[in-house]
Amino acid sequence: MAGLAESGVKLQCTFKITGVSIQTFLLQIYNMEFEEFNGIPGQSSFKASPNLTKRLAAELNRPFTFEYSKGQIGEIKTAGEVSNTIVNIVRGIVGFLHVTVKTTQRVYELNELGIHGVCHSVYAIEENAASKELYVTQIVDINDCHQKAAMYQGMALAEENKNTQQRGKNAVATVKYAYTVKSVEGGGLITKASAHERHHFTPFNVKGGNCKLQATRNIVLLKEMDTVGKPVTGQVKSRGNLMYKMEKGVSPIPVVMLKLNDPVSKIAELIKRLAQDNIYQLNSTSSSDVFALIQLLRASTNDDLESLWKQLSGNNEHRRWFLDTVVEVTDDRVLKFLANRFKAGDISANEAGQALLVAFNHLTAEAELVESAKEFLTIPFSKSHPLLWNTVVLSYGSLVYRACANETPCPVKTVQPLLDMANNGLAKKDDKDMVLALKALGNTGHPLSIKTIMKFLPGFSVKADSLSTWVQTVAVQSLRHLASRDPHSVQDIALTMFADRTIPAEIRMLASMILLETKPSVAVISAVVELLLQETDLQVASFTYSQLRAISRSRTPDNQHLSTACNIAVKVLAAKFGHLSYRYSKALHLDWFHDELLTGASSEFYVLRNGTSAIPTEIISKGKLYFIGRILQLTELGVRAEGLKELLTGRSEITEDFGAIDFATIMKVLLDWQSVPKNKPLLSVYARVFGQEISFLDLNQDVVQQILKSVSLTASKENKIWNIIQHLQNGVSWHWTKPYLTLETRFIQPTCLGLPVEISKYLSALTTITVNAKTVINPTPKENLRELFNADISLQTDGFFGVAKDFFVFHGINTELFQCGAQLNSKMVKALPWKTYLKKKAKENNYELNFTPCKKTMELLSVNSDVYAVSRNIEDPLSDKMTPMMPDVGDLEQSFTANRKETDTIRNYQDEGSEIYHPKLKYCTQASTYGTAFCTQVEAKRVNYLKEYPLYYFLGYTHFSCQLEPVRSVNPVEKIKIQISIGLQNHKLEFSQMTVTQLVQRMNSSHSSIFGSRLLQGTDAAPEPVISVRVLAISPNVKEVGYEAAAYYTPAKQRDDIELIVSEVAEEVNWKICADLSVQKIQAEAKAHFKWGAECQTYEVALKVSTAGITGPKPFVNAEINWGDVPSFMQALGKRVKEYLPGVSYVMGFYQKHEKNTDHEVSAVLVASTHERFDVKVKIPELTVYRQEIPSIFEIECQGKSHPKPSCGYPPSQWCRTLEIAVECGVQKQCMELLATRPDPSMPPVEVTVYYESLCPGCRSFLTEQLFPTWTMLRDIMRVHLVPYGNTKELPELNSFSCQHGEPECQANIIEACILNVTDHAAFPVIHCMVSSSDVIKAAPSCLQLYAPSVEWGAIESCVKGGLGHILMHENGVKTRSLSPAHTHVPWVTFNGVYTDDLEDKAMSTLFNLVCKLYEGIKPPVCTGALKKLNRSFC
């Protein structure tokens, strides 16, 4: 690209082809020259590399022979010592002869072998009769190869996604060959041959900008000559055909170029240097040297590794560095090395587990290596520690999974040891062995493991039915990888378990998860829907429905077809299961996907419960990353608490809601943990990375016993904690450093030149932790840990924590001799040094922390990245060159530095006349009192004309840092002191005289008094703060300055008060911040005031939140913010918000109304309109914005609304409203029969909307004699919407309404509007009862009691008398006034939103027949009669 740096190589030579026999030819290469380019085209040129030229010539000058017949290259031969790199270059040279010419066709297509593999080619031939020449053009789509010469590494754990592969590519390559063929006697002579190959790569879709690589080959015939005698070829052996041959094992890392001779001494020297550089704190400049170390280790032999172990294992630092990096030798050498360590027992179980976990997961997945890895399953040392044995078995399963990804079918011998382990565990009925084997089988995803796994699944085996639920759940989850590898078999298994209502609900819910992982068809989803319609377990129904509902909203490509099927399923099931609250099992799915970049992410969260208990049985969280062609499962965490649930379930002393007051009771119950069976863990936790389970922990009785023994206050001197305290008194020093290669993905394919083009991504992390600590305890504990509570303790500590992450992306040519291409270098460094002194005084119950402020700039976080054009060669290491792709800006560099005491504004700089965008800015927040400033620096360099491409944000230099800087002041700060005092002197618990059980027993009794002194009303006594904090700056010969804060808490029966006061510690300073919070328990509201300034009197902001309606049928929350005087910057911010709110709300779909609202106030009302939607109204001065029916990602529980608590005291009309009601009322069978005869739920019902007045005689007649009877018989195919407003006039200036039939009608309208809002489905029967009575208003309470007994009349009164009723009437007025055509009378009836005179005539006479006619689905049997014609009457 113009103006950007590039790199490249050029090879020039003269070669001669001599016939050895009819089909055998000799290739001889002369005058070899190798040149490199690195710089900006037009400003730089190719430069010769004489040393590398000499090395290349030495090998290329050897004789090469090849078979050639009918335009096809056959076998290539040369000396055995010639490297593959040289042979591949020869393939690129002789490849020009590989062409198929058909003189009978001008255009034709072939699949033929070439250097890129067996690829699809298109030929076009043009003939020049005058010169007797043919011009042959061949186009090869390198992406369309049936047998491709390419290598993928590090992507086996990323699942392929064909959908995104079809929609876009992140790597595209094509090559065009052009030949000039001269007609000669007996055939044709190629006089010219050229090739032009292009590669495009981007992390995103190639349409969004890309990195380009171009390969060009030009061959010209110099002369023809006759040869005398037979050419001498020497001893040669076959090196394969024309197809490019990959290097055996791992090719060189593309970001380093090293001479690999004498690796032992180089490795030892490098490890010692790295260990010394990071001995106390992180040396980020050397963190990238880890790649050089790995490259050297990969060049070492088995004997080299053993020699290095002998040299380095005696030093703890060197030993750890070697073990952490030798695991990146990704072939049989690392297996032999680790096997020797396991057999010799010269490493600890901890070292062995860490090393083997990384080695197995980074090992090249080949069948021979899997066979070698089996040995670790039989070495006795592997079972020396439970965690080590788990790591060995799980890691072996992961290795098998990656091996099976490269080989189809996967041999059964690879998984046989795990199958035997599972069968043996089943025979011995050992839960631990079965769980471990099943988890490992789950990691393998081996198709032949299904039969063994089925032995542990309930319903498929007699033995499985007697297994614990723990084992069964693990068995179900072990199908997760098979769901994608063998979806049809897994679908049958999962659907069978899901349909079996005799097995535990938890198993069925997990089966539904696995079923949906198979991406089932619409037919399978339909079967699930039918099963759910008959489901009696609400936990299973809620969980499965929530999964379907979550997936129906998914936009990720793997759910493209499944989301459609789930969308249909949700519409069928919503009426029955959509109301179930979060007390039931739920699944939540959130995702994002960018259709242009073809990248995205998703997260899933599952909560599984059994029965009616609110305690989850299992919680699972997982995340995925989507990029072109691949789906990567990032992390998955799962917690299973079956034992804990059994311990807490059925305890009468614990309420169902688990309120905060139950905490002490729960703690008391947990002390009875020994009642849980020993073979059942209290808690099980597992972790999976990239879909592979790497670790799990079962918290059983033995583990709990060890933990309680360690933390017991009666711990004796033999306890581990006691030993730690003794070491701290003597002083401890601990250091830990760990290098880790987090990511290595590589894609290598050949070019027409025989040189490999590589796309690689590398991420390494180097972590360093250093801790030095010494403590003084007075008096020293002599008997047990209780004595620490009454002792004065001081702790002096210093240390360092740091992480350096190096990220590289390389696109270019990579061989063991030279490299050239584009390279992204990115480094992120986190560093946190500390030196503190902590004191605790037991009698005063306060703590003090001292530390020194920074004396020099301390960088806490830095991120640097740049893109370079790189060139390296092995013979001239000093000539290595990395040129930034962005040129120097020179005079365009501008900087903006902002330094203010507290806050400032970030500004950008850009030279509009330049193509280079180069902002530099610095932002600092000073704390001059403490002599410190926190600064953020940002610098970037970009090319303006690339802004439309995503790569714009990566191509160029970027720097970001956060740092602490010293601030010069008149009085230099010597140290910073933090004092914390806890005001519990009057109510302090005597811990030293209490056991854990006694502590739990006193928690409830102390709940109301533990927070210190009460605020004495009407007295002069000052309240005691719950906690006070002073942060002071200490300077020599100067009084302490800084800030202090005190918090007060005053609990009472009706309300709790919390107050926080922050003030400055200095002479003649009255600046303060006062914040208080009052929580009204009875009114269910909270008020907060925030004041600051001189004696907290200058500025004020108040907040009020009311949740009084949160438990009502339609939960709602009110919030108000009021303010008085505020600072100018807050006023400016408010004006800016006021300017942007109309536009932002419009974009978000909100309606707007310009009206006069309260000054200096912002209010918001959020109302749950249904279980999955809510309404929002926000008022600011002079503007109101509102929106209805906003979809909620959570299902909202609306109590007492359309789904009242089951009770057979409810009218029969509500018995079949929900499955929950039907089951508890004993009419489930009858409801199922009723549902079976109902119309197709997928067909839309007839929407009948009536605009009316409550006291209008014509309206009352229509409602009672036409609408209600029709609705009673046709409620399954029609929906009725009532809008009580009619000819009412709204009077905004009086905040009231004027009704046609007087004030009683206004009151009745509001009552009916509130009934519609609160009772929902029961509203029509209630309103029909009212309008059928002689006195509509007086009949309302009794009608409500009759048809909606779950709703209290007080709720309606609160709505009518409060602001909600007025809001509802206003909304009805908006609906009525927006009718088109405008209404001229009432009742005004619309059908599916449409009004016509013909429809109204039929509605007033034969509404029943009209609804039957308008319904588009299959007519119900009742649609046969007609109602009597009424006399029409209007108001």
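Scope of this entry: the structure provided in the associated data block. (Residues numbered from 1 in each chain as written. Predicted model: local features only at pLDDT ≥ 70, side-chain atom pairs only at ≥ 80, totals over all residues. Heavy atoms only, no water.)

**Comments concerning the packing of aromatic side chains**
Right, so step 1: All told, the structure shown has 28 aromatic pairs when counted by the stated rule.
Right, so step 2: Ring geometry for Tyr-177 and Tyr-179: centres 6.4 Å apart, planes at 20 degrees, overall stacked. Neither Tyr-177 nor Tyr-179 differs from the other in exposure class; each is buried.
Right, so step 3: The structure contains a cluster of three or more aromatic residues connected by ring pairs, namely Phe-342, Phe-360, Phe-376 and Phe-381.
Right, so step 4: The ring of Phe-337 is capped by Arg-341, whose NZ or CZ atom sits 4.9 Å from the centre of that ring.
Right, so step 5: In this structure, Lys-439 is placed above the aromatic ring of Phe-696, and the distance from its NZ or CZ to the ring centre is 4.9 Å. (Phe/Tyr/Trp six-rings, centres within 6.5 Å; stacked < 30°, edge-to-face > 60°. Buried < 20%, exposed > 50% of the residue type's maximum accessible area, 1.4 Å probe, protein only. Lys NZ or Arg CZ within 6 Å of the ring centre and 35° of its normal.)

**Topic: the sheet that holds strand S50 (residues 1388-1391)**
Sheet strands pair by backbone hydrogen bonding; their relative direction is either parallel or antiparallel.
Right, so step 1: Read from one edge of the open sheet, three strands run S47-S46-S50, paired in mixed fashion. The strands lining the two open edges of the sheet, one partner per strand, are strand S47 (1278-1284) and S50. Strand after strand, the sheet turns through a mean of 15 degrees between neighbouring axes, direction not considered.
Right, so step 2: With seven bridges joining them, strand S46 (residues 1246-1252) and S47 adopt parallel strand pairing. In the strand pairing of S47, Tyr-1251 is matched with Val-1283.
Right, so step 3: Set on the sheet, helix H32 (residues 1303-1319) makes contact with S46 and S47; between it and S47 the angle comes to about 145 degrees.
Right, so step 4: Of the strands in this sheet, S46, S47 and S50 touch helix H37 (residues 1397-1414), which is tilted by about 25 degrees from S50. (Pairing = 2+ DSSP bridges. Helix = DSSP H or I, 4+ residues; strand = E, 2+ residues; numbered from the N terminus. Axes fitted to C-alpha atoms, helices over the stretch in contact; angles between N-to-C directions. Contact = heavy atoms within 4.5 Å.)

**Focus: unusual backbone geometry**
Right, so step 1: Cis geometry is found at the peptide bond from Thr-408 to Pro-409, where omega equals 0 degrees.
Right, so step 2: Note that Pro-409 resides in the loop between helix H11 (386-406) and helix H12 (416-428).
Right, so step 3: Following Val-1386, the chain continues to Pro-1387 via a peptide bond in cis, the omega torsion being 5 degrees.
Right, so step 4: Phi is positive for Lys-132, which is not a glycine, with a value near 55 degrees.
Right, so step 5: Relative to the elements of secondary structure, Lys-132 occurs in the loop between strand S7 (117-128) and strand S8 (133-148).
Right, so step 6: Judged by relative accessible area, which is 60%, Lys-132 ranks as exposed.
Right, so step 7: One non-glycine residue, His-1160, lies in the positive phi region at around 55 degrees.
Right, so step 8: Summarising the element assignment, His-1160 is placed in the loop between strand S42 (1151-1153) and strand S43 (1161-1168).

**Section: the nonpolar core**
Right, so step 1: In terms of nonpolar packing, the biggest core is built from 138 residues, with Phe-322, Phe-342, Phe-376, Phe-456, Ile-525 and Leu-548 touching the most fellow members.
Right, so step 2: With ten residues, H11 is the largest single contributor of residues to this core.
Right, so step 3: Excluding anything up to four places from it in sequence, Phe-456 contacts Ala-422, Leu-426, Met-434, Leu-438, Ala-464, Leu-467, Val-471, Gln-472 and Ala-475.
Right, so step 4: If you look at the next biggest cluster of nonpolar residues, it comprises 60 residues, including Tyr-68, Val-87, Leu-110 and Ile-125. (Core = buried A, V, L, I, M, F, W, Y, C linked by side-chain atoms within 4.5 Å.)

**A word on the side chain of Ser-1145**
Right, so step 1: With respect to the helices and strands, Ser-1145 occurs in helix H28 (residues 1128-1147).
Right, so step 2: Ser-1145 gets classed as buried once you look at its relative accessible area, which sits at 3%.
Right, so step 3: Polar contacts involving the side chain of Ser-1145 include one to the side chain of Gln-1152, which spans 3.2 Å.
Right, so step 4: For Ser-1145, the contacting residues outside a window of four places in its chain are Phe-1150, Gln-1152 and Val-1185. (Polar contact = N/O pair within 3.5 Å; in protein donor to acceptor, adjacent residues only side chain to side chain.)

**Structural notes on the pattern of salt bridges**
Right, so step 1: Under the counting rule described, the total for this entry stands at 43 salt bridges.
Right, so step 2: With a shortest N-O distance of 3.6 Å, Arg-273 and Asp-277 are connected by a salt bridge. Of this pair, Arg-273 and Asp-277 both sit in helix H4 (residues 263-277), four residues apart, roughly one helical turn.
Right, so step 3: The exposure class assigned to Asp-277 is partly exposed, which follows from its relative accessible area of 28%. (Salt bridge = Lys/Arg side-chain N within 4 Å of Asp/Glu carboxyl O.)

**Brief notes about the state of the cysteines**
Right, so step 1: Scanning all chains against the criterion turns up seven disulfides.
Right, so step 2: Across the disulfide from Cys-119 sits Cys-145; the S-S distance is 1.9 Å. Disulfide Cys-119-Cys-145: the torsion about the S-S bond is 95 degrees, which places it as right-handed. Taken together, the positions of Cys-119 in strand S7 and Cys-145 in strand S8 put the pair 26 residues apart, joining distant regions of the chain. Note on accessibility: Cys-119 and Cys-145 belong to one class, buried.
Right, so step 3: Covalent S-S linkage joins Cys-1299 and Cys-1306, the inter-sulfur distance amounting to 1.9 Å. In this structure the cystine formed by Cys-1299 and Cys-1306 twists about its S-S bond by roughly 120 degrees; its chirality is therefore right-handed.
Right, so step 4: For Cys-1306, a relative accessible area of 5% corresponds to the buried category. (Disulfide = S-S within 2.5 Å.)

**Structural notes on the side chain of Ser-478**
Right, so step 1: Here Ser-478 lies in the loop between helix H16 (469-477) and helix H17 (482-485).
Right, so step 2: For Ser-478, a relative accessible area of 1% gives the class buried.
Right, so step 3: Of note is the side chain of Ser-478, whose polar atom sits 2.5 Å from the backbone oxygen of Ala-475.
Right, so step 4: Contact partners of Ser-478, with chain neighbours within four places excluded, come to Leu-438, Leu-441, Gly-442 and Ile-453.

**Comments concerning the packing of H32 against helix H35 (residues 1353-1361)**
Right, so step 1: The contact between H32 and H35 brings their axes to 9 Å, and the two run at 120 degrees. The orientation of H32 with respect to H35, classified from their angle, is oblique. Seen along the crossing, H32 lies across H35 with a hand that is right-handed. Note on element contacts: H35 touches H32 through Trp-1353, Ile-1356, Cys-1359 and Val-1360, opposite Ile-1310, Ile-1311, Cys-1314, Ile-1315 and Val-1318.
Right, so step 2: Partitioning the contact of H32 with H35 into residue classes produces nine nonpolar, no polar and no charged. (Parallel < 35°, antiparallel > 145°, perpendicular 65-115°, else oblique. Left-handed = near helix turned anticlockwise from the far one by under 90°. Nonpolar A, V, L, I, M, F, W, Y, C, P; charged D, E, K, R; others polar.)

**Considerations on the pairing of strand S37 (residues 1055-1065)**
In summary, the side chains of a regular strand alternate between the two faces of the sheet.
Right, so step 1: Across ten bridges, strand S36 (residues 1041-1051) lies against S37 in antiparallel orientation. The partner of Pro-1051 across the bridge, within S37, is Asp-1056.
Right, so step 2: Taking the residues between adjacent antiparallel strands as the criterion, S36 and S37 are bridged by three residues.
Right, so step 3: Sheet analysis places S37 next to strand S38 (residues 1071-1080), joined by nine bridges and oriented antiparallel. Each bridged residue has a counterpart across the sheet, and for Ile-1058 the counterpart in S38 is Leu-1077.
Right, so step 4: Connecting S37 to the antiparallel partner S38 that follows it, the hairpin turn spans five residues, and Glu-1068 within it adopts a positive phi of roughly 55 degrees.

**Quick word on the packing of H32 against helix H34 (residues 1336-1347)**
Right, so step 1: Their axes nearest at 10 Å, the elements H32 and H34 cross at an angle of 20 degrees. Compared by their axis directions, H32 and H34 come out roughly parallel. At the point where H32 passes H34, the crossing takes the left-handed sense. Between H32 and H34, the contacting residues are Pro-1304, Gln-1307, Ala-1308, Ile-1311, Glu-1312 and Thr-1319 on the first element and Val-1336, Ile-1337, Ala-1340 and Leu-1344 on the second.
Right, so step 2: Of the residues assigned to the contact of H32 with H34, the class counts are seven nonpolar, two polar and one charged.

**Focus: helix H20 (residues 522-533)**
Right, so step 1: For H20, spanning twelve residues, the distance from its first C-alpha to its last is 16 Å, which sits close to the expected 16 Å at 1.5 Å a residue.
Right, so step 2: Inspection of H20 places Val-524, Ile-525, Val-528, Val-529 and Leu-532 among the buried residues, and these make up the whole buried set. Taken end-on, H20 shows its buried residues confined to a sector of 150 degrees, consistent with a single buried face.
Right, so step 3: Summarising the contacts, the buried residues of H20 are in contact with helix H18 (487-499), helix H19 (505-517), helix H21 (538-552) and helix H22 (560-577). (Expected span 1.5 Å × (residues − 1). Arc of directions from axis to C-beta.)

**Overview of the sheet that holds S7**
Right, so step 1: The six strands are arranged S6-S7-S8-S11-S12-S13 in an open sheet whose pairing can be described as antiparallel. Sheet topology places strand S6 (107-114) and strand S13 (211-220) at the edges, where each strand pairs with a single neighbour. Shown here is a sheet whose adjacent strand axes are inclined to one another by a mean of 20 degrees, direction ignored.
Right, so step 2: Relative to S7, S6 runs antiparallel, the two sharing eight bridges.

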